[in-house]
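# Summary of structural features
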Amino acid sequence: TWQTLSPSGEKKNLIQEENSTADLKLDRVHYTETREGVKEWELNAASASYFKEGNTVVFNDVRATFFGKNRETYVLVGEKGKFNTETKVIEVFDGVKIDSSDGYRLRTQSLKYEADRRELSTRDPVEMNGPEIQVKGIGMIVDLDRQRVRVLRQVTTVLSPGGITHYTRSAM
């Protein structure tokens, strides 16, 4: 369901040359994705440009909330974003932040959400902080249904209940 919360007035272009050929432009956009009557995620953006060729929506100032199986939430924020309306793949770029309802914070440069897998991923450096843990590395996959995070390379982990341990694993 697409909703515009205000009429499209001042054009805040995400990518100047792409926006000049957009089939539809909107300001203050809200989109909700449901599966079998259950809300999977919702997205808000300051502006959006839809390109029929390529089935792509380009966003500015993105905020997406993903809903887990056990009612946990993951709030994703980034400066720019792209959504493929056919594949349901969302990509967010520049200053990406995720905060989970169970106290974890993630920071990276870009992140991709694949709806069919309910999975978030990046190839960029990541930093994750949570209750009693800090993890840094390169590349990451988050399985939203199983609530599992896998950092792929150059992983450094610090557990902090009293500063118990520091663990570093080199690339495989």
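Residues numbered from 1 in each chain as written. Predicted model: local features only at pLDDT ≥ 70, side-chain atom pairs only at ≥ 80, totals over all residues. Heavy atoms only, no water.

Let us look at unusual backbone geometry. Even without being a glycine, Arg-28 presents a positive backbone phi close to 50 degrees. Within the secondary structure layout, Arg-28 lies in strand 2 (residues 24-35). Take Arg-28: its relative accessible area is 46%, and that puts it in the partly exposed class. Its identity as a non-glycine residue notwithstanding, Asp-61 has a phi of 55 degrees, on the positive side. Position of Asp-61 relative to the elements: it lies in strand 4 (residues 56-67). The class for Asp-61 is partly exposed, based on a relative accessible area of 45%. (Helix = DSSP H or I, 4+ residues; strand = E, 2+ residues; numbered from the N terminus. Buried < 20%, exposed > 50% of the residue type's maximum accessible area, 1.4 Å probe, protein only.)

Let us look at the packing of aromatic side chains. Under the criterion given, the structure shown has six aromatic pairs. Considering the side-chain rings of Tyr-31 and Phe-83, the 5.4 Å spacing of their centres and the 50 degrees angle between planes classify their relative orientation as tilted. Taken together, the residues span a long stretch of sequence, with Tyr-31 in strand 2 and Phe-83 in strand 5 (residues 73-84) at a distance of 52 residues. Taking relative accessible area as the criterion, Tyr-31 reaches 7% and is therefore assigned buried. Here Trp-41 and Phe-83 contribute two aromatic rings whose centre-to-centre distance is 5.4 Å and whose plane-to-plane angle is 75 degrees, an arrangement assigned as edge-to-face. With Trp-41 in strand 3 (residues 38-51) and Phe-83 in strand 5, the pair connects residues that are 42 residues apart, well separated along the chain. On the basis of relative accessible area, Phe-83 is assigned to the buried category, the value being 1%. An aromatic cluster of at least three residues, connected via ring pairs, comprises Tyr-31, Trp-41, Phe-66, Phe-83 and Tyr-113. (Phe/Tyr/Trp six-rings, centres within 6.5 Å; stacked < 30°, edge-to-face > 60°.)

This part is about the pattern of salt bridges. According to the stated counting rule, one finds 10 salt bridges in the structure shown. Of the charged contacts, one joins Arg-117 and Glu-114 as a salt bridge, the two residues approaching to 3.9 Å between their closest N and O atoms. Salt bridges sharing common partners tie together Glu-114, Arg-117 and Glu-119. (Salt bridge = Lys/Arg side-chain N within 4 Å of Asp/Glu carboxyl O.)

For the rest of this paragraph, the subject is the pairing of strand 10 (residues 148-159). Here strand 9 (residues 133-143) pairs with strand 10 via nine bridges, running antiparallel. For Val-135, the partnering residue across the bridge sits in strand 10 and is Thr-157. Hairpin connection from strand 9 to strand 10: four residues lie between these consecutive antiparallel strands, with Gln-147 at a positive phi of about 55 degrees. (Pairing = 2+ DSSP bridges.)

Turning to the environment of Met-128, a few remarks are in order. As for its position among the elements, Met-128 is in strand 8 (residues 119-130). The spatial distance from the C-alpha of Met-128 to the C-alpha of Thr-157 is 9.5 Å, given a sequence separation of 29 residues.

Glancing now at the pairing of strand 8. Across six bridges, strand 7 (residues 105-114) lies against strand 8 in antiparallel orientation. Within strand 8, the residue paired with Arg-107 across the bridge is Glu-127. Pairing of strand 8 with strand 9 involves 10 bridges; the strand directions are antiparallel. Bridge pairing links Thr-122 to Met-140 in strand 9. Counted between consecutive antiparallel strands, the loop separating strand 8 from strand 9 contains two residues, among which Glu-132 sits at a positive phi close to 70 degrees.

By themselves these figures say nothing about function.
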